[in-house]
Every structure is written in C-alpha cells, then in structure tokens.
Amino acid sequence: MTTAQALVAFLARQYTERDGRRHRLISATWGIFGHGNVAGIGQALVEAGNGTRNGTRNGDGTRNGDGHGNRTRPRMPYLQGRNEQAMVHAAVGYARQSGRLSAHAVTTSIGPGATNLVTGAALATINHLPVLLLPGDTFATRPADPVLQQLEVPYAGDVSVNDCLRPVSRYFDRVTRPEALIPAALQAMRVLADPAETGAVTLALPQDVQAEAYDWPEEFFAERVWRVRRPAPDMAELEAAVRAVRSARRPLIVAGGGVRHSGAEETFAAFTAATRIPVASTQAGKGALRHDHPADVGGIGHTGTATADELARTADLVIGVGTRYTDFTTASGTLFENPAVRFLNLNITGFDAHKLAALPLVADARTGLEALTSALAGRGYRVDPAYETEYTGAKEAWEEQVEAAFTTPDPTARPTQTQVLGLLDTLVTEEDILINAAGSLPGDLHKLWRTRSRDQYHVEYGYSCMGYEIPAAIGVLLATRTHERPRPVWALVGDGTYLMNPTEIVTAVQENLPLKLLILQNHGYASIGGLSEAVGGERLGTAYRHRDPDGGFTGPPLPVDLAANAASLGMRVLRATTVDDLRKALAEARSAEGPTCVYVETETPDTVSGPPPAQAWWDVPVAETASRPAAVTAREEYDRRVAARRHHL
C-alpha cells in the first residue's frame, strides 16, 4: 500500500469511547485537490470507497475487494469543499456537534491550499475542538528544487509553508518516510482524543512520500479504541473547594464550554438545584442551563446581562466550570470588583484551572461536579434565600428588556436586528440550532437569546472568525444527519460576514442539506463600526458605501445584492422587506427540505427596539495623543475605565 492508502485505511479503523459508547474518530475527509495531494490522498480516497472502483460496498460501510486483492476495508467518505479554510470550519462545526468524540480530516495541496488552513486551525485549537489536517508538502527526496508553489528559505532546506501550522496545531509532524507514518499517526490520534489537549492536529505529507509503497505491519490496521478520559479530582483539591464554597455568601458560577464538551448538563443542573448558586455563562457555555432555569442569569462580561454582571461585581467566590476566562468574560479585568473575591476553577486542564490565582480543581467537568455535589450534600450547603430572591428578581427585570428589544409593534416596518432575533425566538423549539461567530450578532445573542436546549446555541467566540457560520452549519447538519428527520440548523450572518466566505453554499446544495441561511443586510460592519466610533476611529472603513467627493465612504450604499448571489450559488431565496414578510419567510424556511436563504435588510435600532447597551467594559486601547476631538474624548473615557482594572492575586 502507498503511504496515503495506509493512512486512510488506518484512519477508518480509529474509534473513541466514552461512557461505554463508541464513535468513529475520523468519520469523513474533506478535500480540495491539487498537484500536492491528488495522486496521494486523492487516489487513496478513491481506493477507500469514493468514485468508480473495483469491489462492492457492504451495508456496514466495508467493501469487498480493493483493486489489489480481497482485503476488506472500512469506507472513508469524501466531502467536497470549495475553500480550504471553510473545510476546516465545517470540520470544527461537526466536531463540536459531535461532542468532540468524532472529527473530520481535511486534505489540501501544497502552497495556497495549505496556508489557507491556518485560520481554521487557529479557530479549532483555541476552541479545543479536534480536526485532522493533512496538507500536501514539497518533495522529501528533492528531485527538483524548487517545485511549483514551494517556499524557498535560504537559511533552512527543511522549511515549507506548512510550518505556518506549527503554532496553531496541538500536534505537528512532517512524514518524510513511509514508516514514519506509524508513530506520527498514533500520536495524532492520541491528541485528537485527549479532552485536555485536543485541537488542530497536522500531519504534513510530502507529495512523493504519499505515493510511495511500503510493506505495512498488519497490526497498524487493527481497530483501535481511544478512551476519552473523565479524570476525577484530587481529594485535597476537592476538600479545599468544598471549604471555599461553604464559606461563600455571594457565590457565582461561570459556565464555560467545558460543561458542554463533557456532556455535564444534567450533573450541572443537579449541582445548582442543590446549592441554588446562580449561573452566568460565557459564549461557549450558554445552554449549560436552559434560559428558564431558575439559576440561569444569562451571559456574563462585556456582552452579558445586567443581572449576571451585577452579581459578578459583588461576588465573593467565582466558580469557573470549564472556562478560559477571556477578556470578554472578565471585562478586561474590571468585572469582579469585590475586594474579597476569590476564584475556584473546575477545569480539565491545569493551565486554565489556575487562572486568576484560583483554587484549582483539575478534573473532567461532569466528574468534578458529581464529586463537589456529593461532598457538599453531606454538609448542608445552600445559598441564603435572600440572595436567591435577589438574583431571580433581577432576572425578571432583565427579561423585560429582552421583551422590549424583541417586540415588533409595526408589522409593516423594516425590522431591526434584535427584532429579527425576536421573530426567530417565537418560531424555534428545542430542536433548532443557531450558529453565529462574529460581528454585532454575538453580543445581541449572548444578552438576549433564550436557549432551549444544550446544543441550540452555537456561537464561535474563541476566535470570533467571520465566515465560520455557513461551513460550520454544514458540519452540524452532517453530525445530525442520522436523526430520523433533520434538525433545523440556522446560520445567522451579516452582510460583512457573508462576503467573507459564502462559497460553501455550493456544498450545501450539492449534499442537499437543509441549511437555513439568514442574511441580515445592514451595509457594513455594525459591530466594529460602533467600536470604531467609541475609540475615536470615526467609523473609517466600516460602511459598504460609495466614496464621497472628499475621499471618504459616506456615499449611497453599494448596489450589492447578496440574495441574488446566494441564489446564483443554488439556494432558494426568500426576500423579506417588512416584519410581517420576515415572519412568514422564517416559518417557510424552517419547514423547507432543501437549502433555503432568508434575506432581510435591517433598520438602524432606536432606543426602544435596539439591544441594551454593554453592561461591562472591554479594553481596546485608544490613541494616547491625537488631534481629532473624537479620539481625545475617547482617550479620556479609556483612562477612566482602565483605572478600575486589577490583577487577581
């Protein structure tokens, strides 16, 4: 077998297992082919059951015959992408929806195909989501040097563009000999299946080595099961955690993505039922509790709710569960104001568990919560009823603001962005999944969205990558394909995000996936436009408008028709111009069996229907000296805000 054939055959026999349930670790391979992978991985994927080939496929996914003899191999499905970065996003969406227990591989040629992987790889690693990258590489034997698309580095002969992937990969290897694949492949699987280490894994494959034959040991192709561990907490750390909780008068939980990755939602709900500690959530943790759970107080930080942020300012113990404490969560170090505040962090990685000088509880989220619940149960801990009454009352008051933002009083008017979300809120059930990543929508969603199920809220905010939504929705749809009927999956994008990466619409059409794409046209970058105005940037380069005579961009909106673009890529498009139009279009799209786009031009929000303002600060440094009044005023506000920042020691 060639190196590429061996790798594909190996990948098809790798499994994860957690809580007694087995999953295929690499369930499919995305690919765009060029000279660096077409004769290697491309040919191997044909051998693995894609396209015209010898042999027949069995009902269980294996096949009889492989073109060489009668060896039976499991099938490796192939998925055709249109953009290398988007293929990684789709793989990440699939992995997240699969609970990190199943993943996709992505293969590209050398050169631009490989460097296009970098953004997706960074997103995967930052969010701790597994994806296997298989970029082609230049010749290992160097028969011709340089080859097409080769980067020449005068001081090092062993560097290629794939080295760009090293800092954004949790594991990287360049397979320069066929036999070197064996240890490299095993290490790659170890990292992908490790809940503490997982992220992007890269195996760079020189194009000549991909096609080289080798006599492989049969043991390499044996089925392997990689057990996903649930490490239990150290008893001394657990005792310290129990003491910290029992002594707290105003504790607050910050739920992060680790709750979901662990599948700990039920255990988490039991912990809050026993203790009545309020729960605020990060973007990744939203959905750890349903929105109507008594202890849920909504998002925390710069895009959080007033309820959660006020509780954070007075908390004497912050219990982080599976969170990385980004600057949005901590309001750039200004949110947790109580001089006596201390932190207790339950996290599967020691790196995150020790943040903010916390008491660490290094463990799987579910296992750690079970241990903490059990230890506290015997000691009768529960928050003061007055504290519970305080935060439930504040939550009710915040819901009034949500209703005001969602309300659409005039059915003939053009809707605001928050009114679009309000209409969607009336339509969805626990089945629906919402996907978003960047712009102003994540802030509105974090503050306002009423999450109904553990996996409904899918906002990528670790890397906040524009262009993630459409390919990620495809990944989610592929992960839910086995359901009796497809779950409604919504990709919510603004016009700026849409223009970044719309090409995987073609893939959704090709696979006949019932993607529901909601495009909100506001003629520019709404989020960064507002930020630019706040920091003295005067909205430069944030509007999609014609140039004016003075060289600025204040002319009429550009005559860009994104609905026509989506239609040209194969989607059915429903245009909505009013609130009433939009209500009907959303309902029609939700019931559609094929890929459907709803396009709406949104109105600038007013003080009634717009989102509530930011409830906490975010540090974006402002020019220390400037001649323009906007920047001078912004710097004065910045100096006032930054004075409140503190290091938690």
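Before reading further, recall that the structure is shown in the block above.
Residues numbered from 1 in each chain as written. Predicted model: local features only at pLDDT ≥ 70, side-chain atom pairs only at ≥ 80, totals over all residues. Heavy atoms only, no water.

**Some points on empty space enclosed by the protein**
Phase 1: Under the definition given, this model contains four cavities of 30 Å³ or more.
Phase 2: Taken as a whole, the largest cavity holds about 200 Å³ of empty space.
Phase 3: Considering the residues around the largest cavity, the lining is formed by 21 residues, among which Lys 286, His 291, Asp 296, Gly 298 and Glu 399 are closest to the centre.
Phase 4: For the lining of the largest cavity, the secondary-structure elements that each account for two or more residues are strand S15 (296–299), helix H15 (385–406) and helix H17 (441–448).
Phase 5: Here the lining of the largest cavity takes four residues from H15, the largest share from any one element.
Phase 6: The residue makeup of the lining of the largest cavity, split by class, is seven nonpolar, eight polar and six charged.
Phase 7: Every residue lining the second largest cavity is listed: Arg 18, Gly 99, Arg 100, Leu 101, Leu 192, Ala 193, Asp 194, Pro 195, Thr 198, Val 228 and His 261.
Phase 8: Classifying every residue of the lining of the second largest cavity by side-chain character gives five nonpolar, three polar and three charged. (1 Å grid on protein atoms, 1.4 Å probe; cavity = no way out; pocket = protein on both sides within 12 Å on 5 of 7 lines; lining within 4 Å. Points joined across faces, edges and corners; volume = space filled by probe spheres on them. Helix = DSSP H or I, 4+ residues; strand = E, 2+ residues; numbered from the N terminus. Nonpolar A, V, L, I, M, F, W, Y, C, P; charged D, E, K, R; others polar.)

**Describing the layout of surface pockets**
Phase 1: The computed volume of the second largest pocket comes to approximately 850 Å³.
Phase 2: In this structure, the second largest pocket is lined by 33 residues; those nearest its centre are His 23, Tyr 94, Ser 98, Ser 102 and Ala 479.
Phase 3: Looking at the lining of the second largest pocket, the elements with two or more residues in it are strand S2 (21–24), strand S3 (26–31), strand S7 (78–80), helix H3 (84–97), helix H9 (257–262) and helix H18 (469–479).
Phase 4: Taken together, the residues of the lining of the second largest pocket break down into eight nonpolar, 13 polar and 12 charged.

**A word on the environment of Thr 367**
Phase 1: By secondary structure assignment, the location of Thr 367 is in helix H14 (residues 365–377).
Phase 2: The buried category is assigned to Thr 367, whose relative accessible area is 15%.
Phase 3: As for Thr 367 and Ala 232, which are separated by 135 residues in sequence, their C-alpha atoms are 5.7 Å apart.
Phase 4: What Thr 367 contacts, discounting residues up to four positions off in sequence, is Arg 230, Pro 231, Ala 232 and Pro 233. (Buried < 20%, exposed > 50% of the residue type's maximum accessible area, 1.4 Å probe, protein only. Contact = heavy atoms within 4.5 Å.)

**Digging into the pattern of salt bridges**
Phase 1: The final tally for this structure, using the stated rule, is 41 salt bridges.
Phase 2: Asp 163 serves as the salt-bridge partner of Arg 174, at 2.9 Å between the closest nitrogen and oxygen. On the criterion of sequence distance, the pair formed by Arg 174 in strand S10 (residues 171–174) and Asp 163 in the loop between strand S9 (131–137) and S10 is long-range, its members being 11 residues apart.
Phase 3: For Arg 177, the salt bridge is made with Glu 179, and the minimal N-O distance between the two is 3.5 Å.
Phase 4: With relative accessibility at 33%, the residue Glu 179 sits in the partly exposed group.
Phase 5: The network of salt bridges with shared partners includes Asp 19, Arg 230, Asp 364, Arg 366 and Glu 370. (Salt bridge = Lys/Arg side-chain N within 4 Å of Asp/Glu carboxyl O.)

**With respect to the sheet that holds S3**
Phase 1: Taken together, six strands build an open sheet; the order of strands is S7-S3-S8-S9-S11-S10 and the sheet is parallel. One side of each edge strand has no neighbouring strand; the edge strands of this open sheet are S7 and S10. The sheet shows a mean angle of 20° between the axes of neighbouring strands, taken without regard to direction.
Phase 2: Pairing analysis gives four bridges linking S10 to strand S11 (residues 200–206), with the strands arranged parallel. Opposite Phe 172, over in S11, you have Thr 202 as the bridge partner.
Phase 3: Where H3 meets the sheet, it contacts S3, strand S8 (103–108) and S9, and its direction lies at approximately 170° from that of S8. (Pairing = 2+ DSSP bridges. Axes fitted to C-alpha atoms, helices over the stretch in contact; angles between N-to-C directions.)

**Re the environment of Val 600**
Phase 1: Within the fold, Val 600 resides in strand S24 (residues 596–601).
Phase 2: The class of Val 600 is buried, set by a relative accessible area of 0%.
Phase 3: Considered as a pair, Val 600 and Thr 416 are 184 residues apart in the sequence and their alpha carbons are 9.8 Å apart.
Phase 4: Those residues within four positions of Val 600 in sequence are excluded, and the remaining contacts are Pro 415, Val 420, Leu 518, Ile 519, Leu 520, Gln 521, Ala 576 and Leu 582.

**Some details on the packing of aromatic side chains**
Phase 1: On inspection of all chains with the given rule, the structure shows 12 aromatic pairs.
Phase 2: Both rings, one in Tyr 387 and one in Tyr 391, keep their centres 5.8 Å apart while their planes meet at 80°; by these two values the pair is edge-to-face. A residue pair is termed a helical-turn pair when its members lie 3 or 4 positions apart in one helix, as Tyr 387 and Tyr 391 do in helix H15 at four residues.
Phase 3: Chaining the aromatic ring pairs together yields one cluster made of Phe 10, Tyr 214, Trp 216, Phe 220 and Phe 221.
Phase 4: Across the ring face of Tyr 15, the terminal group of Arg 22 is positioned such that the distance to the ring centre comes to 5.3 Å.
Phase 5: One residue, Lys 286, lies across the ring of Tyr 457, its end atom 5.5 Å from the ring centre. (Phe/Tyr/Trp six-rings, centres within 6.5 Å; stacked < 30°, edge-to-face > 60°. Lys NZ or Arg CZ within 6 Å of the ring centre and 35° of its normal.)

**Regarding a nonpolar patch on the surface**
Phase 1: The grouping of Leu 499, Leu 558 and Val 560 at the surface amounts to a nonpolar patch, some 210 Å² of accessible area in total.
Phase 2: Inspection of the secondary structure assignment puts Val 560 in the loop between helix H21 (526–534) and helix H22 (562–568). (Patch = residues over 30% accessible without salt bridge, like charges linked within 9 Å, V, L, I, M, F, W, Y side chains within 5 Å. Areas by Shrake-Rupley, 256 points an atom, 1.4 Å probe, with all protein chains shown as cover.)

**Structural notes on the sheet that holds strand S14 (residues 279–281)**
Phase 1: The strand order across the open sheet built from six strands is S15-S14-S13-S16-S17-S18, with neighbouring strands paired in parallel fashion. The open sheet terminates on both sides in strands that have one partner only, identified here as S15 and strand S18 (359–362). Geometrically, the sheet is characterised by an average inter-axis angle of 20° between neighbouring strands, direction not taken into account.
Phase 2: As defined by bridge partners, S14 adjoins S15 across three bridges and the pair is classed as parallel. Across the sheet, Val 279 pairs through a bridge with Asp 296, a residue of S15.
Phase 3: Helix-sheet contacts for helix H10 (residues 265–275) involve strand S13 (251–255), S14 and strand S16 (317–321), and the interaxial angle to S13 is about 170°.

**Some points on helix H11 (residues 306–314)**
Phase 1: Residues of H11 that are buried include every one of Thr 307, Ala 308, Asp 309, Leu 311, Ala 312 and Arg 313, and no others.
Phase 2: Buried residues in H11 make contact with S13, S14, S15 and H15.

**Observations regarding the state of the cysteines**
Phase 1: Enumeration according to the criterion identifies zero disulfides in this entry.
Phase 2: The thiol sulfur of Cys 164 is not disulfide-bonded, and the nearest other cysteine sulfur, from Cys 465, lies at 16 Å.
Phase 3: Judged by relative accessible area, which is 40%, Cys 164 ranks as partly exposed. (Disulfide = S-S within 2.5 Å.)

**Notes on the packing of helix H16 (residues 417–427) against H17**
Phase 1: Put simply, H16 and H17 touch, their axes get as near as 11 Å, and they point 50° apart. With respect to each other, H16 and H17 are oriented oblique. Between H16 and H17 the crossing geometry is right-handed. Between H16, through Gln 417, Thr 418 and Leu 421, and H17, the contact on the second element is made entirely by Leu 441, Asp 444, Leu 445 and Leu 448.
Phase 2: Taken together, the residues that form the contact of H16 with H17 break down as four nonpolar, two polar and one charged. (Parallel < 35°, antiparallel > 145°, perpendicular 65-115°, else oblique. Left-handed = near helix turned anticlockwise from the far one by under 90°.)

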